[in-house]
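# Remarks on the overall topology
Listed below are the residues making up each chain.
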Amino acid sequence: AFRCFTSALYIYHDGQWDELHNHLRSALAAQLYSLGRMAASVDLYAKLVGTTGGGRVSVKSQQKFVNHLLEIVRDHTKKALVGADRMAHPSGSLRQQRFHRIEQVIRETVGAVRVLELPNMDLPYIDDSTVKCVVESGTAVNRTKVPGLGHCKAGEEGIWDELACQTLAELKATDEKYVHPSEEDMPSALLNISDTSIQAVMSEIIKEKTNQNLIARAKRAGSIKPQSATRARMEPVCVSFTVTNPLSVKVEMKDIQVVARMKAERVCTNEDAIAIGPTPNRTWTFASSTATFTVPDFCRISRQIGWQSAQDIDPYFVVTKKSLALESRGSSTVDLAICPLVKGDLEIIGVRCKLFDSVWMYHPFKIQGALLQNSQENRANRTRAESMLLKAKVDVDMPRLTATVLASGVSSGSAKCIQGQISEWTLRLSNIGTAPASNVTLKTNLPWVNFESNPRKSEMSRTSSCVGATGTLYSLTIAEKGVIQPGEEINIPLSLRTFGASQQDFYMLYRYELYGTKKERWLRQMLDVAIYPSLRVSASLIPSYWAKEEHILSVELTNVEDNNMLLDKVSLASREYRLEPIGGQMLEDNSDLIPLQQQERVTMHYRLVPTDSPNVK
């Protein structure tokens with residue numbers, strides 16, 4: 001029977017017979033389990049529990065597969081280790097390399113013990129296409145619970161790129177060392193612009209976009225080698241992915257954590273489940289994250305001969321751990337974090353967790369890079385470049401700013417933006433990084449903002465803090481030599497004159513530098529702002545019946561605010577006509593003031609009288 005199942009398993013291996021193939025797996029696994037061949041049996045059971053419904057069998061059979069798997073790893077650990085080595089790599093050479101690497105660590109390290117870990121088992125199933133790696137989003141704590149401006153959203157990538165391009169162009173054009181291009185070097189479309197400041201900004205924008213297009217084309221062609229992202233030391237990096245339970249039984253996972261390798265003066269890694277010393281118990285916290293970090297399990301640091309447990313000395317990186325229980329066929333998104341503590345090259349390899357509090361499971365990430373278009377052969381074979389998503393170069397400490405726009409003088413309730421009115425707000429900047437920030441600028445997509453160092457004398461006064469010709473790039477005035485120290489929080493008063501109707505997307509792009517250097521960072525903040533009208537106005541015009549040259553203008557005014565309103569006179573912008581209010585409408589006929597109670601509607605009637613202009617017939 002054993003030979004029969006083996007031959008049939010080979011025949012249906014690569015065909016379109018998945019259910020039949022899984023049925024043969026289950027039968028062969030049961031035969032091997034009864035014969036005591038635990039190394040091969042654990043391999044088959046691990047593959048079965050990673051398929052949908054355990055090979056589309058009953059819940060009772062799925063539970064039996066799980067029970068047999070847990071029994072093997074608990075009572076036959078040494079034989080299960082042989083099966084785990086077979087599961088690690090399908091090819092013999094890679095399997096031998098991994099085995100020799102583990103054997104060398106155990107032989108050269110005192111107290112090193114290998115722990116059973118099942119690799120490449122799809123329980124739970126981790127979709128590598130959903131893996132994302134970004135800097136963990138840190139937000140400043142709003143202790144006073146003051147209402148803010150709008151609701152935060154991600155925004156469109158094209159608009160962010162356009163704002164960044166405009167910011168760099170305006171900063172270059174307003175630099176003291178900027179050399180204005182000659183007419184020969186300037187695009188012909190800009191020669192008709194008389195304002196040299198606008199001409200310089202437009203010229204730099206064209207240069208920035210040209211450079212971006214050249215870089216994007218070179219990346220598609222493969223002529224530029226992909227570079228890993230640059231991360232800051234002691235700044236948490238968030239890794240998220242989707243996990244799915246393929247079985248119809250509940251799956252419990254503990255100590256979910258990322259597996260990584262970091263090279264600095266020495267090598268620090270937690271790959272290959274090798275225990276050295278006691279279980280890690282130290283914890284770390286960082287200003288830019290609310291999570292608690294700890295030393296990853298099986299973390300070790302290389303020495304001249306052998307390895308040393310990262311629990312005994314300071315590790316190169318720390319991680320967060322989570323627990324999760326997935327119901328039958330359930331799915332969830334897992335957010336993990338890793339924080340490098342030293343400078344070096346960091347690579348996130350995969351993720352591990354403890355299933356049913358009994359056995360470790362390890363899943364290596366397999367991320368595909370971009371398609372190469374530099375040759376016909378690469379295009380035909382759909383060759384991909386190396387993915388740099390999970391690789392990073394950890395550099396020096398960097399600042400990290402968070403921004404919040406809060407209402408001024410409002411303690412509770414919600415702040416409102418009234419159409420056409422100027423409202424007072426406070427921009428709160430917090431540095432949750434580990435280094436001071438300087439040269440902070442703000443770029444917006446709408447000309448709403450005004451940072452006032454002195455009160456304005458009139459509506460026509462110059463808007464303060466503006467940089468460049470667009471009027472939407474602002475240099476933020478910061479005390480103490482223009483530096484925001486780590487852990488410092490500053491409040492900058494600002495005025496907003498909101499216009500438009502309904503919902504408006506307000507993009508705010510911050511640029512700042514590491515103090516004393518030219519290393520820059522960006523902060524994106526897009527606010528979905530609701531703009532409420534303060535006064536609704538509608539008008540209708542009809543001919544007059546007693547004078548053919550005149551008309552009757554009826555103006556309907558509605559106060560949509562929650563406060564009373566006193567309107568000044570209604571004016572008409574015309575050279576040929578003038579307005580005369582019809583008497584008897586107000587309590588005082590000589591008064592042009594129109595009182596409106598909250599939510600009140602008033603209709604006023606006026607005579608539209610022609611002037612002595614010759615254009616009026």
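Structure: see above.
This write-up is about the structure you can find in this document. (Residues numbered from 1 in each chain as written. Predicted model: local features only at pLDDT ≥ 70, side-chain atom pairs only at ≥ 80, totals over all residues. Heavy atoms only, no water.)

A count of helices and strands for the protein chain gives 11 helices and 35 strands. The buried share of the protein chain, taken over its 617 residues, is 43%. Counting only contacts in the protein chain whose residues sit at least 6 apart along the sequence, the fraction spanning at least 24 positions is 75%. Of the accessible surface of the protein chain, which amounts to about 33,800 Å², a share of 50% is contributed by carbon and sulfur atoms. (Helix = DSSP H or I, 4+ residues; strand = E, 2+ residues; numbered from the N terminus. Buried < 20%, exposed > 50% of the residue type's maximum accessible area, 1.4 Å probe, protein only. Contact = heavy atoms within 4.5 Å. Areas by Shrake-Rupley, 256 points an atom, 1.4 Å probe, with all protein chains shown as cover.)

Here we take up the pattern of salt bridges. Overall, the coordinates contain 29 salt bridges when judged by the stated rule. D397 is paired through a salt bridge with R233; the nearest N and O atoms lie 2.8 Å apart. In this pair, D397 is assigned in the loop between β19 (391-395) and β20 (401-407) and R233 in the loop between β5 (229-232) and β6 (237-244), connecting sequence segments 164 residues apart. (Salt bridge = Lys/Arg side-chain N within 4 Å of Asp/Glu carboxyl O.)

Moving on, we get to helix α5 (residues 59-75). For α5, with 17 residues, the first-to-last C-alpha span of 24 Å sits near the 24 Å given by 1.5 Å per residue. Three or more residues of α5 are buried, namely Q62, F65, V66, H68, L69, L70, I72 and V73. (Expected span 1.5 Å × (residues − 1).)

Another point: the packing of helix α3 (residues 38-49) against α5. The contact between α3 and α5 brings their axes to 9 Å, and the two run at 140°. In terms of their interaxial angle, α3 and α5 are classed as oblique. The handedness of the crossing between α3 and α5 comes out as left-handed. Residues M38, S41, V42, Y45, A46, L48 and V49 of α3 form the contact with α5, whose participating residues are F65, V66, H68, L69, I72 and V73. (Axes fitted to C-alpha atoms, helices over the stretch in contact; angles between N-to-C directions. Parallel < 35°, antiparallel > 145°, perpendicular 65-115°, else oblique. Left-handed = near helix turned anticlockwise from the far one by under 90°.)

Moving on, we get to the layout of surface pockets. Over the atoms a probe the size of a water molecule is rolled, and this reveals where empty space is left. Taken as a whole, the second largest pocket holds about 480 Å³ of empty space. Taken together, 18 residues form the lining of the second largest pocket, with L171, N439, R511, E513 and K518 sitting closest to its centre. Those elements that provide at least two residues to the lining of the second largest pocket are α8 (157-173), β23 (437-444) and β28 (502-514). In terms of residue count, the dominant contributor to the lining of the second largest pocket is β23 (four residues). Here the residues of the lining of the second largest pocket sort into six nonpolar, six polar and six charged. (1 Å grid on protein atoms, 1.4 Å probe; cavity = no way out; pocket = protein on both sides within 12 Å on 5 of 7 lines; lining within 4 Å. Points joined across faces, edges and corners; volume = space filled by probe spheres on them. Nonpolar A, V, L, I, M, F, W, Y, C, P; charged D, E, K, R; others polar.)

Take the packing of aromatic side chains next. Considering all chains together, one arrives at eight aromatic pairs under this definition. When the centroid spacing of 5.2 Å and the interplanar angle of 80° are considered together, the rings of F286 and F293 count as edge-to-face. A residue is classified by how much of its surface remains accessible, and F286, at 10% relative accessible area, is buried. Taken together, the aromatic side chains of W448, F499 and F506 make up a single cluster linked through ring pairs. Taking the ring centre of W307 as reference, the NZ or CZ of R300 above it sits at 4.8 Å. (Phe/Tyr/Trp six-rings, centres within 6.5 Å; stacked < 30°, edge-to-face > 60°. Lys NZ or Arg CZ within 6 Å of the ring centre and 35° of its normal.)

Take the sheet that holds strand β33 (residues 577-581) next. Reading across the sheet, the four strands line up as β30-β31-β35-β33 and stay open at both edges, with antiparallel pairing between neighbours. Unpaired on one side and paired on the other, β30 (535-543) and β33 mark the two borders of the sheet. In this sheet, neighbouring strand axes are inclined to one another by 30° on average, regardless of whether the strands run parallel or antiparallel. When β33 meets strand β35 (residues 601-610), the two strands line up antiparallel, connected through five bridges. Its bridge partner being in β35, R578 is matched across the sheet by V609. (Pairing = 2+ DSSP bridges.)

Looking now at the packing of α3 against helix α6 (residues 77-88). For any two helices packed against each other, the geometry is given by the interaxial angle and the distance between the axes. Between α3 and α6, the least distance of the axes is 7 Å, while the angle of their chain directions is 50°. Viewed along their axes, α3 and α6 adopt a mutual orientation that is oblique. Like other packed secondary-structure pairs, α3 and α6 cross with a definite hand, here right-handed. Here M38, A39, A40, V42, D43 and A46 of α3 lie close against α6, whose contacting residues are K79, A80, V82, G83, R86 and M87. In terms of residue class, the contact of α3 with α6 is built from eight nonpolar, one polar and three charged.

What the four strands build is an open sheet, ordered β20-β22-β27-β24; its pairing is antiparallel. Lying at the two open borders of the sheet, with one neighbouring strand each, are β20 and β24 (449-450). Inspection of the sheet shows strand β22 (residues 422-431) paired to strand β27 (residues 489-497) by nine bridges, in the antiparallel sense. Pairing of E424 across the sheet is with S495, part of β27.

We now examine the nonpolar core. Membership of the largest hydrophobic core comes to 69 residues, with the highest contact counts inside it found for L118, M121, F241, F317, I338, L355 and F365. Examining the composition of this core, we find that seven residues originate from one element, α3, more than from any other. Setting aside residues no more than four positions away along its own chain, F241 makes contact with I126, T130, V131, S332, T333, V334, L336, V351 and F365. Core analysis: the second largest hydrophobic core is formed by 32 residues, L427, L429, L446 and V449 among them. (Core = buried A, V, L, I, M, F, W, Y, C linked by side-chain atoms within 4.5 Å.)

Tracing the sequence through the fold places C268 in strand β8 (residues 267-269). Spatially, the C-alpha atoms of C268 and S309 are 9.5 Å apart, while their sequence positions differ by 41 residues. What C268 contacts, discounting residues up to four positions off in sequence, is A260, R261, M262, C299, R300, I301, Y316 and F317.

The next subject is the side chain of T472. When you line up the elements, T472 lands in the loop between β24 and β25 (473-475). The exposure class of T472 is buried, given its relative accessible area of 9%. Of note is the side chain of T472, whose polar atom sits 2.8 Å from the side chain of K443. A distance of 3.2 Å separates a polar atom in the side chain of T472 from a polar atom in the side chain of T470. (Polar contact = N/O pair within 3.5 Å; in protein donor to acceptor, adjacent residues only side chain to side chain.)

A few words now on the pairing of strand β29 (residues 520-532). Two faces, one strand: in a regular strand the side chains alternate between the faces of the sheet. Note that strand β4 (residues 151-153) and β29 share three bridges and pair antiparallel. Bridging from a neighbouring strand, K153 pairs with M526 of β29. Direction of pairing for strand β21 (residues 417-418) relative to β29: parallel, over a ladder of two bridges. Looking across to β29, one finds that I418 is bridged to Y532. Across 12 bridges, the pairing between β28 and β29 is antiparallel. Bridging from a neighbouring strand, S502 pairs with I531 of β29.

Before going further, it helps to spend a moment on α8. Counted at 1.5 Å a residue, the expected span for α8 with its 17 residues is 24 Å, and the 24 Å between its end C-alpha atoms agrees. Considered for burial, the residues of α8 that qualify are W160, L163, A164, C165, Q166, T167, A169, E170 and A173. Residues of α8 that are buried make contact with α9 (196-221), β23, β25, β28 and β29.

As a further point, take the environment of I276. Counting through the fold element by element, I276 comes out in strand β9 (residues 274-276). On a C-alpha basis, the gap between I276 and G111 in space is 5.9 Å, while along the polypeptide they are 165 residues apart. Once you skip the residues sitting within four places of it in the chain, I276 turns out to touch T109, V110, G111, A112, R300, W307 and S309.

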